[in-house]
Amino acid sequence: MVMVASNGEKKEAEDAVNFRGHPADKSKTGGWLAAGLILGTELAERICVMGISMNLVTYLVGDLHLHSANSATIVTNFMGTLNLLGLLGGFLADAKLGRYLTVVISATIAAVGVFLLTLATTLPSMIPPPCSAVRRQHHECIEASGKQLSLLFAALYTIAVGGGGIKSNVSGFGSDQFDITDPKEERNMIFFFNRFYFFISIGSLFSVIVLVYVQDNIGRGWGYGISGGTMLVGVAVLLCGTPIYRFKKPRGSPLTVIWRVLILAWKKRTHPIPSQPTLLNGYLESKVPHTERLRFLDKAAILDENSSKNGSKENIWMVSTVTQVEEVKMVIKLLPIWSTCILFWTVYSQMNTFTIEQATFMNRKVGSAEIPAGSLSAFLIITILLFTSLNEKLIVPLARKLTDNVQGLTSLQRVGIGLVFSFVAMMVSAIVEKERRENAVKKHTNISAFWLVPQFFLVGAGEAFAYVGQLEFFIREAPERMKSMSTGLFLATLSMGYFVSSLLVSIVDKVSKKKWLKSNLNKGRLDYFYWLLAALGILNFILFIVLARRHQYKVQHNIEPEDSVDKELVMANEVKIGVDGKEEA
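Thresholds, definitions, all that
Within every chain, residues take consecutive numbers counted from 1 along the sequence as written. With pLDDT at 70 or above as the cut-off, local features in this predicted model cover only qualifying residues; side-chain atom pairs require 80 or more to be listed or tallied, and sums for whole chains, interfaces and linings still use all residues. Side-chain figures throughout are based on the complete set of non-hydrogen atoms in the structure, without hydrogens or water. One side-chain nitrogen of Lys or Arg within 4 Å of one carboxyl oxygen of Asp or Glu is enough to make a salt bridge. Only DSSP runs of H or I covering at least 4 residues are called helices, and only runs of E covering at least 2 are called strands; the numbering of each starts at the N terminus. Buried residues are those whose accessible area, probed at 1.4 Å on protein chains only, stays under 20% of the maximum for their type, while exposed residues exceed 50% and partly exposed ones sit between those limits. Residue contacts are defined here by distance: any two heavy atoms, one from each residue, within 4.5 Å place the two residues in contact. Where helices are involved, their axes are fitted lines through C-alpha atoms of the stretch in contact, as for all axes, and angles between N-to-C directions lie from 0 to 180°. Throughout this description, any angle smaller than 35 degrees is read as roughly parallel, any larger than 145 degrees as roughly antiparallel, any in the 65 to 115 degree range as roughly perpendicular, and the remainder as oblique. Handedness of a helix crossing follows the sense of rotation of the near helix relative to the far helix, less than a right angle counterclockwise being left-handed and clockwise being right-handed. In the scheme used here, Gly and all other residues not listed as nonpolar or charged are polar, with Ala, Val, Leu, Ile, Met, Phe, Trp, Tyr, Cys and Pro taken as nonpolar and Asp, Glu, Lys and Arg as charged. Among buried residues, the Ala, Val, Leu, Ile, Met, Phe, Trp, Tyr and Cys ones that are joined through side-chain atoms within 4.5 Å form a nonpolar core. The predictor's confidence in any single residue is recorded as pLDDT, a number from 0 to 100. Here is the rule: rings of Phe, Tyr and Trp (six-membered ring for Trp) pair when centre to centre is within 6.5 Å. Planes less than 30 degrees apart are stacked, more than 60 are edge-to-face, and the remainder are tilted. Comment: the charge-over-ring label is applied if NZ (Lys) or CZ (Arg) is within 6 Å of the ring centre and within 35 degrees of the ring normal.

Proximity of charged atoms lets side chains of opposite charge pair with each other. Considering all chains together, one arrives at 13 salt bridges under this definition. Taking the shortest distance from any N to any O, the salt bridge between Lys-329 and Asp-298 comes out at 3.0 Å. You can see Lys-329 sitting in helix H11 (residues 322-349) and its partner Asp-298 sitting in the loop between helix H10 (255-267) and H11, a full 31 residues away along the chain. The same class applies to Lys-329 as to Asp-298, namely buried. Salt-bridge contacts for Lys-329 lead to Glu-326; the nearest nitrogen and oxygen are separated by 3.0 Å.

This is the structure:
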């Protein structure tokens, strides 16, 4: 029974309960106060992750004396794992724990990880002896031992577990505080995501400007200690708001539907496909039209002797419905485009690794002050903010006038523009690196680090297009019941992009005869590696064009989500945007 106030407004929030498990009273729970406390947790997560990832490579090379290629691989594997674990965090929240409990546990784990990282970077026994510049040039530095690296790796992957759980749930939990059946609260939820974006940006800028400076000039322990303290404060603030939150009960993960269809199709692989699709289970009641593509999956909906018994047609582990099978087909149809999005994030990962390392070999002085190498990432974040605003205020309205398309730019057009920016960025990066190296080797001068701004600018502009385009594509083209996993697919492209970067670095380091990727960039040929990424980017873009031209957009219907999908989450995913990877199932 839904309670109604005297003025006709509903008193209880739709499908939400309070912390005692009773129907949530809208006058006492949710709204901006509750959402604001949750935003504090996301701010802490941004400060934590960005403060580590944007400056970690300088610590690995400069303090632990690791090889340049190995250092880049450590950073990209860390970021790849963090994004991949977002899928696990989303699954646990959907299937059992709920978003609130998952965020609290994950934030606590992340805080523990940051304090372990603080110990790993401050205990003398965890750091090899200091090395002079002369000895470093002759590769005489003592590298960190396996024992010393073990604590570092334990810390990083503890942070990855916690960060992945936060990343995949905090935005959804924030949107739980608004009732989309109430027009006023529905509008507020859209503004919530705008503010969510703002908090991500503020956290990122604070990390690359303030924390990176503290790490480089005061001490790593202080920088990471501030990050850990910020995360603990975020957990405390989140817990303080428990009595005023609205909670949505977990309703099961859509990933289980996919696995069930695949398993049943495999079990029934020897069964002949019926000549008429009307013989498949649930054909007449299907909410999605039957298609002839990937017909082997239809076997999951075959009614055999076991599944035809009384009641077995309703047993989800005996037979699937046509609706479920077609939804899985739709997800599989997204994978070709998904695969071409990976390389963009491979290029993006260079902004966390080799571009920062380039800056350490360049003149970073402004007057008497010296800018930390990691702080140059601020240009990346500022560019993302700039182009996101330009897209909404100028580019999209102009495209609407020129094309008579309500969207202005389709999701795949946005992705394509982002891919172009990415391989052009690598071309510019290669040219800048060649110029930097020649000046250092032949003229013994260090050019200004501000020569790196164009590549930060191009990658940031590319992300403004590619990020929104990819997320919109996966949300719009995913099945209605599976929209809650659409952002998970997006996070997987980020993850795979970082892992592909690690793979390429490892291959190039082993195969290149003159060792392109050396710790001393003046003796390597990093520009060749950038040209390789540019060439791969062009080939990937050509493949993307072929696949995009063949892709048929799903016809958009206003279908009411089934009970297995949180209606609010569908709405939340429709408007969600973020920065850097940033975002959140």
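All right, on to the side chain of His-551 then. Along the chain, His-551 turns up in the loop between helix H17 (526-550) and helix H18 (567-575). Judged by its relative accessible area of 12%, His-551 falls in the buried class. Beyond its immediate chain neighbours, meaning those up to four positions away, His-551 contacts Lys-333, Leu-412, Phe-473 and Glu-477.

A pair of packed helices is captured by two measures, namely the crossing angle of their axes and the spacing between those axes. For the pair helix H4 (residues 99-122) and helix H9 (residues 220-240), interaxial distance at closest approach is 8 Å and the crossing angle is 165°. The angle between H4 and H9 places the two elements in the roughly antiparallel class. Crossing of H4 against H9: the hand is left-handed. A class-by-class count of the residues in the contact of H4 with H9 yields 15 nonpolar, nine polar and one charged.

Of all hydrophobic cores here, the largest spans 114 residues; its most connected members are Ile-52, Leu-60 and Phe-529. What Leu-60 contacts, discounting residues up to four positions off in sequence, is His-65, Leu-66, Ser-71, Ile-74, Val-75 and Leu-152. In this structure, Val-261, Leu-264, Leu-280 and Val-325 belong to the second largest nonpolar core, which totals 13 residues.

The interhelical angle for the contact between helix H3 (residues 68-97) and helix H6 (residues 146-167), taken along N-to-C directions, is 40°, at an axis separation of 7 Å. Read as a crossing pair, H3 and H6 show a hand that is right-handed. Together, Ile-74, Asn-77, Phe-78, Thr-81, Leu-82, Asn-83, Leu-85, Gly-86 and Gly-89 of H3 and Phe-153, Leu-156, Tyr-157, Ile-159, Ala-160, Val-161, Gly-163, Gly-164, Gly-165 and Lys-167 of H6 make up the contact between the two elements. Its residues assigned to classes, the contact of H3 with H6 shows ten nonpolar, eight polar and one charged.

On to unusual backbone geometry, then. In this model, Leu-294 sits at a positive phi of 50°, which is unusual for a non-glycine residue. Along the chain, Leu-294 falls in the loop between H10 and H11. Classification of Leu-294 by relative accessible area gives partly exposed; the value is 31%. Positive phi values are uncommon outside glycine, yet His-444 reaches one of about 55°. Take His-444: it is sitting in the loop between helix H14 (411-442) and helix H15 (453-477).

Attention now moves to the confidence of the model for the protein chain. Residue-level pLDDT values for the protein chain average 82, and 86% of them are 70 or greater. Model confidence for the protein chain, summarised as mean pLDDT per element, is weakest for H18 at 38 and strongest for H17 at 94.

This next bit is on the packing of aromatic side chains. Counted under the stated rule, the structure contains 19 aromatic pairs. A centroid spacing of 5.6 Å and a plane angle of 50° characterise the contact between Tyr-100 and Phe-173, whose relative ring orientation is tilted. With Tyr-100 in helix H4 and Phe-173 in helix H7 (residues 170-175), this pair connects stretches of sequence that are 73 residues apart. When sorted by exposure, Tyr-100 lands in the same class as Phe-173, which is buried. With a centroid separation of 5.1 Å and 85° between ring planes, the pair formed by Tyr-100 and Phe-247 is classed as edge-to-face. With a gap of 147 residues between them, Tyr-100 in helix H4 and Phe-247 in the loop between H9 and H10 connect regions that are remote in the sequence. Its relative accessible area of 16% is what places Tyr-100 among the buried residues. An aromatic cluster of three or more residues is present, and its members are Tyr-100, Phe-173, Tyr-245 and Phe-247. Lying across the ring of Trp-266, Arg-269 places its NZ or CZ 4.0 Å from the centre.

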